[in-house]
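Here is how the chains run, residue by residue.
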Amino acid sequence: MEPVPPGGVRRRVTRADVARLAGVSTAAVSYALNDTSTKVSDATRARVLEAAATLGYQPNQAARALKLGSTAQLGLVVPGVLNRFFAEITDRAELAAAARGLALVVTSARQGAAVAVEQLAARQVDGVLLAVRVEPDDLSPLRASGIPVGTLTTRLDGVASVDSDRYQGGRLAVEHLVGHGHRHIGFVGPAFEGRRRRAWEDVLAEAGYPPGPLLPTDFSREQGYQAGRALAEMPDRPTAVFISSDEQSIGVLLALHEAGVRVPEDIAIVSFDGSQEAAYCWPPLTTVAQPLEAMVGLAVDRMLKGEPGFTELETALVLRRSCGCESSPR
């Protein structure tokens, strides 16, 4: 291997260096490093690979991408990675990309979804997975470049869209609380008419119970904390509450603890998302788990194959102590 020159910086090893050591042409090096090429013999390929390993040769990925018309990169747009749910989506997307020979490029939509999309289009990634809501016009840079698009947790016409069945999951949550004997069940979640909220209303209506208090919040711990304070101060506090995300639930738990309201003795909680943190709260959260690994894998595969359409995957209820169940599986 070439010694380090004075100053401590070794120059980049080139194909010409590999060719000299292997005793072949630079073209033969290129052919040998292309696993599908039949233009060199097995013996030549072996000499080239040995020389490349000896010198520590690393192909220029940018040049390779330009030649092949692929960057071998998958773009992902999330609202942010401080939210544990989207951090876990990012983790699953990285594994899914690696399994398909792609590197993951993550962009936050805190600066705006349109800006994030435009940045990924400029990188000429091989596909963009969106875990945020976008307007159809936001996708113009991707369509102009022929970059396929997929969505997670949201539906977008004309692209591969995958989500969990939030209505089915909401029913699981509220039906479980009704099964525990609760008749006064509140809801913590967004004010808009979402599927989780509709499931809460429908299950209570079918059981013949009026809906409990609705505390409108965004998907944050801070807003959950404020909702928890409001719950604790209610003179006619519900005996149970369905919370639309684990992030909100963590805030609710803290506020109730500070107020001396016991969970589940004074108020039972069922959450939604199935994040890893739900198992490590106190008490551990009963939560509706979304099948993130399956959701991400399906979205990536259908996006790369150019198969549009919307698919919902079933959720599962994970029982822990916050609802009054004794089991506390991790």
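Just so it is clear, the structure is predicted and the values come from calculations on it, not from any experiment. (Residues numbered from 1 in each chain as written. Predicted model: local features only at pLDDT ≥ 70, side-chain atom pairs only at ≥ 80, totals over all residues. Heavy atoms only, no water.)

Caption draft 1: Spatial organisation of the packing of helix H2 (residues 26-33) against helix H3 (residues 42-55). At a minimum axis distance of 9 Å, the contact between H2 and H3 shows a crossing angle of 95°. It follows that H2 is roughly perpendicular to H3 by the angle criterion. For the pair H2 and H3, contact is made by Ala28, Val29, Tyr31, Ala32 and Leu33 and by Arg45, Val48 and Leu49, respectively. A class-by-class count of the residues in the contact of H2 with H3 yields seven nonpolar, no polar and one charged. (Axes fitted to C-alpha atoms, helices over the stretch in contact; angles between N-to-C directions. Helix = DSSP H or I, 4+ residues; strand = E, 2+ residues; numbered from the N terminus. Parallel < 35°, antiparallel > 145°, perpendicular 65-115°, else oblique. Contact = heavy atoms within 4.5 Å. Nonpolar A, V, L, I, M, F, W, Y, C, P; charged D, E, K, R; others polar.)

Caption draft 2: Inspection of the environment of Glu50 at higher detail. Considering the arrangement of structural elements, one finds Glu50 in helix H3. Spatially, the C-alpha atoms of Glu50 and Ala22 are 7.9 Å apart, while their sequence positions differ by 28 residues.

Caption draft 3: Up close: the pattern of salt bridges. Throughout the structure, instances matching the rule amount to 13 salt bridges. In this structure, Arg20 engages Asp17 in a salt bridge whose closest nitrogen and oxygen atoms are separated by 2.3 Å. Note that Arg20 and Asp17 are positioned in helix H1 (residues 15-22) at a spacing of three residues, about one turn of the helix. The class for Arg20 is exposed, based on a relative accessible area of 60%. The buried category is assigned to Asp17, whose relative accessible area is 8%. (Salt bridge = Lys/Arg side-chain N within 4 Å of Asp/Glu carboxyl O. Buried < 20%, exposed > 50% of the residue type's maximum accessible area, 1.4 Å probe, protein only.)

Caption draft 4: Spotlight on unusual backbone geometry. Note that the residue after Val263, namely Pro264, is joined by a cis bond; omega there is 10°. Here Pro264 is to be found in the loop between helix H11 (246-258) and strand E9 (268-273). Following Trp282, the chain continues to Pro283 via a peptide bond in cis, the omega torsion being -10°. Summarising the element assignment, Pro283 is placed in the loop between E9 and strand E10 (286-289). Here the phi dihedral of Gln124 falls at roughly 55°; this positive angle occurs in a residue that is not glycine. One can find Gln124 in the loop between helix H6 (113-123) and strand E3 (128-130). Phi at Asp273 takes a positive value of approximately 140°, unusual for a residue other than glycine. With respect to the helices, strands and loops of the structure, Asp273 is situated in strand E9.

Caption draft 5: Seen up close, H11. The terminal C-alpha atoms of H11, which comprises 13 residues, lie 19 Å apart, in line with the 18 Å expected from a rise of 1.5 Å per residue. For H11, the complete set of buried residues consists of Asp246, Glu247, Gln248, Ser249, Gly251, Val252, Leu253, Ala255 and Leu256. Among the structural elements, helix H5 (84-99), strand E6 (185-189), helix H10 (221-233), strand E8 (240-243), E9 and E10 are those in contact with the buried residues of H11. Backbone geometry just downstream of H11 places Gly260 in the positive-phi region, at approximately 80°. (Expected span 1.5 Å × (residues − 1).)

Caption draft 6: Just the side chain of Ser161, in detail. Residue placement: Ser161 occurs in strand E5 (residues 160-164). Look at Ser161 and you get buried, because its relative accessible area is 0%. Polar side-chain contacts of Ser161 include one of 2.7 Å to the side chain of Thr151. (Polar contact = N/O pair within 3.5 Å; in protein donor to acceptor, adjacent residues only side chain to side chain.)

Caption draft 7: Main features of the packing of aromatic side chains. All chains considered together, the criterion is met by three aromatic pairs. Where Phe187 meets Trp200, the ring centres are 5.3 Å apart and the plane angle is 25°; that geometry is what we call stacked. Here Trp200 lies in helix H9 (residues 195-207) and Phe187 lies in strand E6, a separation of 13 residues in the sequence. Assigned by exposure class, Phe187 and Trp200 land together as buried. Site record: aromatic cluster; members linked through ring pairs are Phe187, Trp200 and Phe242. Over the ring of Phe272 we find Arg196; its NZ or CZ atom is 4.9 Å from the centre of that ring. (Phe/Tyr/Trp six-rings, centres within 6.5 Å; stacked < 30°, edge-to-face > 60°. Lys NZ or Arg CZ within 6 Å of the ring centre and 35° of its normal.)

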